[in-house]
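# Notes for the structure review
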Amino acid sequence: MEVLRVDGLSVDYAAGGGMVHALWNVSLSIQEGEIVGVVGESGSGKSTLALAISRLLRSPPAIQRGGRIVFRGSDIAQLLPSKIDFVRGTGIFMVFQDPFLSLNPLMKVKDQIVEAIAVRLKRDSEPFNRKSAEGEAVSHLKTVRIGDAEDIAERYPHQISGGQIQRVMLAMALAERPQLLIADEPTTALDVTTQSQILAVLKDIVGETRMGVLYVTHDLAVAGMICDQMAVLYGGMVQEAGPTSKILFEPKHPYTVGLINSVPSKAKAEGPLTAIRGSFNPVGLEGICSFAPRCPLVRDECRKGVPAQNPVNGAVVRCINYGENYEP
Amino acid sequence: MGLLGFAIRRAIYSVLLVIGAVVLVFLLTRVAAPNPASLWAGPRAPPSVIHAVALEYHLDQPLYVQLLYYLEEVFTFNFGISPFFKQPIASLVSLYFPRTLELSFFAMVLTVIIGVVSGAFGAAHQDKKGDYAVRGIYLVSWSMPPFLVALLLQFVFAYQWSLLPSSLLADPTMLPPKVVTGFPLIDSLIAGDFAFTASALSHLVLPALALALISFGLITRITRSSMLESLKSDYVRTAMMKGVGTRRSVYVHALKNSLLPVITVIALTFSYVIAGAVVVEEIFGYEGMGYLITQAVYNYDYPTLIGSTIVIVVAVVIINFVADILYAVVDPRIRLGD
Amino acid sequence: MSLVGTVRKLASRPIPLIGLIIVTAFYGWSLVEGLLQLAGNLVHNPSLGWSLLQSNPFTPSTANSLLPPSFAHPMGTDDLGRDIWVRVLYAAPTDALVSTVVVGGGILVGALIGIPAGYIGGGVEEVNMRFTDLFLAFPALILAVAIEATFGRQLIFAILALIVVWWPSYARLFRAEALRIKNLRFIDAALLSGLSNRAIMTRHMIPSSLNTIVSYATIDLGNSILVYSILCFLGLGIPAPAPEWGAMTSLGLSYFPQWWWYSLLPGVVITVVVMGAALLGDGLRDILSGGA
């Protein structure tokens, strides 16, 4: 069952007197129980995508230009902010990048999870009982494998670590039983050990609840660890998308190839690290392939228009080298 | 360590601050004139009286001895005799200060309510007409000298419209209640004299309002900027994401956090209110500390002025202490240490 | 930030512009009138002081006693028949003088105490800031009244008392600025180039704090006029018959509310000047903190 389908989503930002195309014609689909990764560097638009889908973008300055966000069969892109509430929390739940400010510093951990439980109970038209809600909160904390759950529940956010905060967020997600979980770089601010623990917890939750997950990250390796499908984002556009094994082991788009090659291998002396030359600059990319300025395989055709997505062997690639098709 | 340890540290600091302030006042009184005795004896005092006063205040002793006597007197609540009122200053203070405290209390309540509501309103309507209206109003009221505000209120509400009494503590034809605590409102409640309570309350309205109008601006500013910060914060975004709803996100999550800076400003505002009371009490004929101070100034009653100053400083330090404790109670990051 | 550039930016926005006009008018007039009064005293011809005014602010005229505002007397007359607007104008230089000296003095002392506290830190910071806290425990007005009552009821002591009350907030401000600037890169460069601590404090700390200080000080000009007017109201300013805004209000109290203009209108003038300073200060803060 398809939980989320994004169809041709475009978002602009009004910035410094002009318009920046943060997202352009982005499409993806997430099934029940599927973890879909969106990989991109700074400025690729991945956070904008996450916020757009969860309808948390501040608008202004963000403006949605077109496309649909179909959640469980209904397009929520056009819904007015006042009508969106029914989807929040129990429909789409989001875990943010910076754990330290995600929780209200003046409320105990358990009260914030209880708040989430209250939302779910209200939506299901069930009565709210404080005692049983608190009990449920503690059991969720145990499910996300937080040590000393009863103790942590009584603490305030500033008394627990970043990794624990992210687990609390996941516990809240369990409390609300969303169909879609969006994780916007949830482990970027954490150390590697904590990171792998959080990822393990996430996989467990997905296995149990069958919710769909959109996992946004800049770290290809992390995405490779848990995602079933992946989309590589660059310059606001999906450059390559497909099953994880295809993307990691048969990368086609020169950007994807560059990303994979730039990950240092275990061998000690492999010589200088390969990097993709240059850096992302949004200026001057109108009407051409956004990766052209940095691409090692660039040709004249790359600048004749914006390349269209070509289906290749189970994946899609937005590159002239796989078919000279352009977007209208 | 927790709250108790924090409170004890704060209390010690407050006591040290009071001692420091008393020493400062002491130095002030000894450093000015070549013959401080004449300051303490009051104007037009004959030489024999001046001499007697010099002995009484130990002015023949070395400075540090005088300081010790002074500290002892202050801490035993003995400020000497007022040359003008011809009574112990301590009893004057016990009569007049509670009245000012009552007035200040009501003024502070009004100030905080007006300030927080207008600040939240301004934040909710940021950069729109409502916001500009709020900023315009507090700019004007903040710029008005206390006597102007008091006179205007008196003019409109007491003289033009005869809505509220123009002066005094309470209806002068009523007998004041028996003194138990020294606070007129509380004493009248204890005595069951509700007519007096009502009268006293109605006489408090205009002066308290005058004080509130000149002081609320700071609280409005702090609340507004604090709300704007909170509304943009990540935890408000988390609350919205959870489906908690706009109303609860703003009034439970954002507002609670926004009130923290307001607490720190309350102590400062109390300082303004006490200072403003000196003028406002004069205009409304409200016989409190302001009355005592203005009388002391007009009649060159130096000891009463100094005694009043010390009492007021102690009150301000206590309020600061209470505000610090309140802040620690409300903010778990301070209370539990990080 | 050049002076001309700042003024131009100020003038482009309506609200700070109003503040600029009020403040310029007030200080401009006070400068001219003040110099005339000074000259008049020096050459023993006090009438120089009201040569620009329509009447003598001191001459009583019982026939004109307590007239309401009119074209002839824009603010009416007081109990002695003197034109109130003329007396307001005559009294303006005093307030202008007090505000500039008090704020200037406060900045000077505040810098002396606050900058070393922030820059050097440690024991110096503790001592200086505890000392500052001591003064801040006194409500401004109360301390000023106590000081002036002790030393004498003259203008010079009123000004000194106000400076004593004023410097603590600047000490805090300068300390905060010094802490902020201390961590900027160019201070490291200055230290490496062998500049002494004192030189760093004078040559770098002070200019870099100016932006914050200037806008705060401008608003403070108004605040000092407010407190000074209360001192005058209590009888602690220049003695009668010299006119003073706060004192005029006090004199007019016995004629309130029937002859309301006597007490009310000088207060309105104070409000306008204080507001002007606040508007200007706010505008300066917006401009100097990098918004255009």
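These numbers were taken from a predicted model, which means no experiment stands behind them.

What follows covers the overall build of chain C. When helices and strands are tallied, chain C shows 10 helices and zero strands. Counting from the amino terminus, helix and strand elements in chain C follow one another as α-α-α-α-α-α-α-α-α-α. Dimensions of chain C, computed from C-alpha atoms along their principal axes, come out at roughly 75 × 45 × 40 Å.

Quick look at the overall build of chain A now. Per the secondary structure count, chain A includes nine helices and 12 strands. Whereas a compact globule of 328 residues would reach a radius of gyration of roughly 20 Å, chain A reaches 21 Å, a difference of no more than 12%. Viewed in the frame of its principal axes, chain A has a C-alpha envelope of about 70 × 50 × 40 Å. The contacts in chain A between residues at least 6 apart in sequence include a share of 65% that link residues at least 24 apart.

Another point: helix α3 (residues 130-143) of chain A. Residues and elements named next belong to chain A. With 14 residues, α3 should reach 20 Å at 1.5 Å per residue; the first-to-last C-alpha distance of 20 Å fits that figure. The complete set of buried residues in α3 reads A133, E136, A137, H140 and L141. Down the axis of α3, the buried set is contained in an arc of 145 degrees. They therefore lie on one face. In this structure, the buried residues of α3 make contact with α2 (109-123), α4 (149-153) and α5 (162-176). Downstream of α3 by a residue or two, R145 has a phi angle that is positive, lying close to 60 degrees.

Mean pLDDT over chain C works out to 87, with 98% of the residues at or above the 70 mark. Interface confidence for the predicted complex, expressed as ipTM, amounts to 0.87; the pTM equals 0.79.

This brings us to the arrangement of the chains. Out of two pairs of chains that touch, the pair holding the most contacts is chains B and C. Of all C-alpha pairs spanning chain A and chain C, none lies closer than 13 Å, and the two are not in contact.

Moving on, we get to the pairing of strand β3 (residues 35-39) of chain A. Walk down a regular strand and you will see the side chains alternate between the two sheet faces. All names here are of chain A. Judged by how many residues are buried, β3 sits mostly within the fold: five of five residues are covered. Alternating positions in β3 separate into two faces, I35, G37 and V39 on one and V36 and V38 on the other, with burial throughout. Taken together, the five bridges between β3 and strand β8 (residues 212-217) define a ladder with parallel strand orientation. Pairing of G37 across the sheet is with Y215, part of β8. Across four bridges, the pairing between β3 and strand β9 (residues 229-234) is parallel.

On to the interface of chain B and chain A. Listed by partner, the interface residues are 19 residues for chain B and 24 residues for chain A. Sorting the residues of the side of chain B that touches chain A by element identifies α10 (234-242), α11 (246-284) and α14 (332-335) of chain B as the ones contributing at least two each. Considered class by class, the residues forming the side of chain B that touches chain A number six nonpolar, six polar and seven charged.

A few words on the interface of chain C and chain B. At the junction of the two partners, chain C supplies 35 residues and chain B supplies 36 residues. The class makeup of the residues in the side of chain C that touches chain B is 26 nonpolar, eight polar and one charged.

Below, the discussion takes up the environment of T249 of chain C. Take T249 of chain C: it is sitting in helix α9 (residues 245-252). Residues T249 of chain C and L279 of chain C lie 30 residues apart in sequence; the distance between their C-alpha atoms is 25 Å. Excluding its chain neighbours within four sequence positions, the residues that come into contact with T249 of chain C are F147 of chain B together with F233, S263, P266 and G267 of chain C.

All names here are of chain A. As summarised here, the arrangement of the eight strands in space is β6-β7-β8-β3-β9-β10-β12-β11, forming an open sheet in which the pairing is mixed. The sheet is open, and its two borders are formed by β6 (92-95) and β11 (310-312), each paired with just one other strand. Each strand of the sheet is rotated relative to its neighbour by a mean of 20 degrees, with strand direction disregarded. Where β11 and strand β12 (residues 315-317) come together, three bridges link them in antiparallel fashion. The residue of β12 that forms the bridge with N310 is V317. Helix-sheet contacts for α5 involve β6 and β7 (180-184), and the interaxial angle to β6 is about 175 degrees.

Right, let's talk about the pairing of β9 of chain A for a bit. All names here are of chain A. Within β9, six of the six residues are buried, which leaves the element mostly enclosed by the surrounding structure. Residues of β9 alternate between two faces, with Q229, A231 and L233 on one and M230, V232 and Y234 on the opposite face, all of them buried. The pairing of β9 with strand β10 (residues 237-243) spans six bridges and is classified as antiparallel. In the sheet register, V232 faces β10, and the bridge partner there is E240. Where β9 hands over to β10, the hairpin turn is made up of two residues, of which G235 adopts a positive phi near 60 degrees.

The omega torsion of the bond from F256 of chain C to P257 of chain C falls at 0 degrees, within 30 degrees of zero and hence cis. Locating P257 of chain C in the fold gives a position in the loop between α9 and α10 (261-288). We note that E185 of chain A has phi near 45 degrees; this positive angle belongs to a residue other than glycine. Relative to the elements of secondary structure, E185 of chain A occurs in the loop between β7 and α6 (192-209). Phi angles above zero are rare outside glycine, and D127 of chain B is one such case at about 60 degrees. Note on placement: D127 of chain B falls in the loop between α5 (89-124) and α6 (129-143).

So, on to the nonpolar core. Within soluble globular proteins, side chains that are nonpolar tend to cluster in buried spots. L214 of chain A together with A144 of chain C are the most contacted members of the largest nonpolar core, which has 268 residues in total. Counting residues per element, this core draws most heavily on helix α3 (residues 84-120) of chain C, which supplies 18 residues. Leaving out residues up to four positions away in the same chain, L214 of chain A has contacts with I30, V36, V38, A50, I53, L180 and I182 of chain A.

On to the sheet that holds strand β4 (residues 62-71) of chain A. Sheet architecture is open: four strands sit in the order β2-β1-β4-β5 (chain A), paired in antiparallel fashion. The open sheet has two free edges, formed respectively by β2 (18-31) and β5 (74-75) of chain A, since each of these has just one partner strand.

Below, the discussion takes up the packing of α3 of chain A against α5 of chain A. Residues and elements named next belong to chain A. Where α3 meets α5, the axes come as close as 9 Å, and the angle between the chain directions of the two elements is 125 degrees. When the interaxial angle is binned, α3 and α5 end up oblique. Helix-helix and strand crossings are classified by hand; for α3 and α5 the assignment is right-handed. On the side of α3, the interface is formed by E136, A137, H140, L141 and T143, while α5 contributes A171, L174 and A175. Grouping the constituent residues of the contact of α3 with α5 by class yields five nonpolar, two polar and one charged.

Let's shift gears to helix α9 (residues 194-232) of chain B. The terminal C-alpha atoms of α9 of chain B lie 49 Å apart, and with 39 residues this falls more than 12% below the ideal 57 Å at 1.5 Å per residue. If you look at α9 of chain B, its biggest bend is around 45 degrees, right at S215 of chain B.

What follows is about the environment of L4 of chain B. Among the structural elements, L4 of chain B can be located in helix α1 (residues 2-31). For the pair L4 of chain B and R335 of chain B, spaced 331 residues apart in the sequence, the C-alpha separation amounts to 9.1 Å.

What counts and how
Residues numbered from 1 in each chain as written. Chains lettered and ligands numbered in written order. Predicted model: local features only at pLDDT ≥ 70, side-chain atom pairs only at ≥ 80, totals over all residues. Helix = DSSP H or I, 4+ residues; strand = E, 2+ residues; numbered from the N terminus. Rg over C-alpha atoms; globule rule 2.2 N^0.38 Å. Contact = placed C-beta atoms within 7 Å. Expected span 1.5 Å × (residues − 1). Buried ≥ 20, exposed ≤ 12 C-beta atoms within 10 Å, placed from the backbone. Arc of directions from axis to C-beta. pLDDT = per-residue confidence, 0-100. Pairing = 2+ DSSP bridges. Nonpolar A, V, L, I, M, F, W, Y, C, P; charged D, E, K, R; others polar. Axes fitted to C-alpha atoms, helices over the stretch in contact; angles between N-to-C directions. Core = buried A, V, L, I, M, F, W, Y, C linked by C-beta atoms within 7 Å. Parallel < 35°, antiparallel > 145°, perpendicular 65-115°, else oblique. Left-handed = near helix turned anticlockwise from the far one by under 90°. Bend = angle between axes of the 7 residues up to and from the residue.

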